Amino acid sequence: FVFGGGSGSLHSEALFVMHLPSFRWQSISCYGMEPCPRAHHTATVLGFGLIIFGGTGLGVDDSLFVLNTVSSVWHKVDAHGVSPGVKAFHTMTAIDNDRMVLYGGQNTETNVVSGDAFMFDW
């Protein structure tokens, strides 16, 4: 999956999937509450979900979004606990089907670069 991206001040909310047997990209039409256009974010597959967090662009904050990859429906997730804050240029990696780790990045409000880590339990 590839979500969003940007060039200069232009950001996208387009979503594509690569079909590996044919090596062809396909645009996906989705429903629900989709993330705003963004770049410098993370897109991590966890189970049947594509998790989007952070980045840069108008309206980007510390919200988590998940796309159900079976139904193509977006949902905004109300996360609990300490928020990583508004991040860009970070990494987010699934470590099993229920958890992922967010590491580092730059706070887009203060421009402070951090080496902190956060665990998300799904």
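In this report, the structure presented in the accompanying data block is examined. (Residues numbered from 1 in each chain as written. Predicted model: local features only at pLDDT ≥ 70, side-chain atom pairs only at ≥ 80, totals over all residues. Heavy atoms only, no water.)

Attention shifts here to the pairing of strand 5 (residues 42-46). Going residue by residue along strand 5, you find Thr42, Thr44 and Leu46 tucked away on one face and Ala43 and Val45 left uncovered on the opposite face. Connecting the antiparallel pair strand 5 and strand 6 (residues 49-53) is a turn made up of two residues, with glycine 47 showing a positive phi of about 60°. (Buried < 20%, exposed > 50% of the residue type's maximum accessible area, 1.4 Å probe, protein only. Helix = DSSP H or I, 4+ residues; strand = E, 2+ residues; numbered from the N terminus. Pairing = 2+ DSSP bridges.)

Turning our attention to the state of the cysteines. Inspection of every chain in the model, using the stated rule, returns zero disulfides. Residue cysteine 30 stays outside any disulfide, its sulfur separated by 15 Å from that of cysteine 36, the closest cysteine. (Disulfide = S-S within 2.5 Å.)

The next subject is the nonpolar core. Formed by Leu46, Ile51, Phe53, Leu64, Val66, Met92, Met100, Leu102, Phe118 and Phe120, the largest nonpolar core amounts to 10 residues. For this core, the secondary structure elements donating two or more residues are strand 6, strand 7 (64-68), strand 11 (99-103) and strand 13 (117-121). Apart from residues no more than four positions distant in its own chain, leucine 46 is found in contact with Ile51, Ala94, Asp96, Asn97, Asp98, Arg99, Met100 and Trp122. Residues Leu15, Leu50, Ile52 and Phe65 belong to the second largest nonpolar core, which totals eight residues. (Core = buried A, V, L, I, M, F, W, Y, C linked by side-chain atoms within 4.5 Å. Contact = heavy atoms within 4.5 Å.)

Before going further, it helps to spend a moment on the environment of histidine 19. Counting through the fold element by element, histidine 19 comes out in strand 2 (residues 10-19). If near-sequence neighbours (up to four positions away) are discounted, histidine 19 is found in contact with Arg24 and Gln26. Looking at histidine 19, its side chain comes within polar contact range of the side chain of glutamine 26, at 2.6 Å. (Polar contact = N/O pair within 3.5 Å; in protein donor to acceptor, adjacent residues only side chain to side chain.)

Right, let's get into the layout of surface pockets. Its volume calculated, the largest pocket comes out at about 320 Å³. If you trace the largest pocket, you find 17 residues lining it, with Leu64, Asp78, Ala79, His80 and Phe120 closest to the centre. Among the elements that line the lining of the largest pocket, the one with the most residues is strand 13, at four residues. Classifying every residue of the lining of the largest pocket gives 10 nonpolar, four polar and three charged. (1 Å grid on protein atoms, 1.4 Å probe; cavity = no way out; pocket = protein on both sides within 12 Å on 5 of 7 lines; lining within 4 Å. Points joined across faces, edges and corners; volume = space filled by probe spheres on them. Nonpolar A, V, L, I, M, F, W, Y, C, P; charged D, E, K, R; others polar.)

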